[in-house]
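Commentary on secondary and tertiary structure
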Amino acid sequence: ANWLHIMVVYPLGCLVCYQLVPRVVEICMQTKLPWRCTVLWPLVASAVTTILMLVLVIFTGVYPLPFSQVLRSLNYLDLPLLWLCLPRDIRSRPQAKLRFLWSISMPLSLSCIFCLAYPMLNVWLQSRDDLGHSIAVALIFLAGRWMFESIVVWITRRIAPDFH
């Protein structure tokens, strides 16, 4: 069962996670990306993430690896490869680097918020039972939610004003 998880389930989960990134880049760069970006890059990124998880399992001797699902969502070490997979004419466009950075900032921020910040808030909420603590956590959650929504609107206006 362990080999099934490591060799099939985990890479397929990675593949699902990494399908989003080229699509967002496509939207932000306002172009159709070739198959090497939409198919090959997610496959390579999934393989690299799976190998990284295997190395961590081997060196730590712990299986299942705690937070392996978070690792799948936060490992964006292959983003420079995605930039290199873009055709040269797209990379040479004015503001191409800036648009690419804006486009990858969205999946990165989503991963950080939903895979790190929200679980930490949940742990913090459950650490104490008094009402004042619960209200403080709720206010921090609402402030973070408002800040995230404001950032999304700001980024959307900068990348593609016709979306908003």
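As a starting point, this report considers the structure included with it. Predicted model only: the values in this text are computed from it and were never measured.

**Some details on the packing of aromatic side chains**
All chains considered together, the criterion is met by four aromatic pairs. Ring geometry for Trp102 versus Trp154: centroids 5.1 Å apart, planes at 75 degrees, classification edge-to-face. Within this pair, whereas Trp102 is found in helix H6 (residues 96–127), its partner Trp154 is found in helix H7 (residues 131–159), the two being separated by 52 residues in sequence. Its relative accessible area of 46% is what places Trp154 among the partly exposed residues.

**Focus on the packing of helix H1 (residues 2–29) against helix H2 (residues 35–60)**
Two elements in contact, H1 and H2, have axes separated by 8 Å at closest approach and are oriented at 135 degrees. Between H1 and H2, the crossing angle belongs to the class labelled oblique. Taken as a pair, H1 and H2 cross one another with a handedness that is right-handed. Where H1 approaches H2, its residues Ile6, Tyr10, Pro11, Cys14, Leu15, Tyr18, Gln19, Val21, Pro22, Arg23 and Glu26 are matched on the opposing element by Cys37, Thr38, Trp41, Pro42, Leu43, Ala45, Ser46, Thr49, Thr50, Met53 and Leu54.

**Considering the pattern of salt bridges**
One pass over the full model with this rule turns up three salt bridges. Residues Glu26 and Arg23 are paired through a salt bridge, measuring 3.4 Å at the closest nitrogen-oxygen approach. Note that Glu26 and Arg23 are positioned in helix H1 at a spacing of three residues, about one turn of the helix. Salt-bridge contacts for Glu26 lead to Lys32; the nearest nitrogen and oxygen are separated by 3.8 Å. Given the relative accessible area of 65%, Lys32 is considered exposed. Where salt bridges share partners, they join Arg23, Glu26 and Lys32 into one cluster.

Cut-off values and rules
Residues numbered from 1 in each chain as written. Predicted model: local features only at pLDDT ≥ 70, side-chain atom pairs only at ≥ 80, totals over all residues. Heavy atoms only, no water. Phe/Tyr/Trp six-rings, centres within 6.5 Å; stacked < 30°, edge-to-face > 60°. Helix = DSSP H or I, 4+ residues; strand = E, 2+ residues; numbered from the N terminus. Buried < 20%, exposed > 50% of the residue type's maximum accessible area, 1.4 Å probe, protein only. Axes fitted to C-alpha atoms, helices over the stretch in contact; angles between N-to-C directions. Parallel < 35°, antiparallel > 145°, perpendicular 65-115°, else oblique. Left-handed = near helix turned anticlockwise from the far one by under 90°. Contact = heavy atoms within 4.5 Å. Salt bridge = Lys/Arg side-chain N within 4 Å of Asp/Glu carboxyl O.

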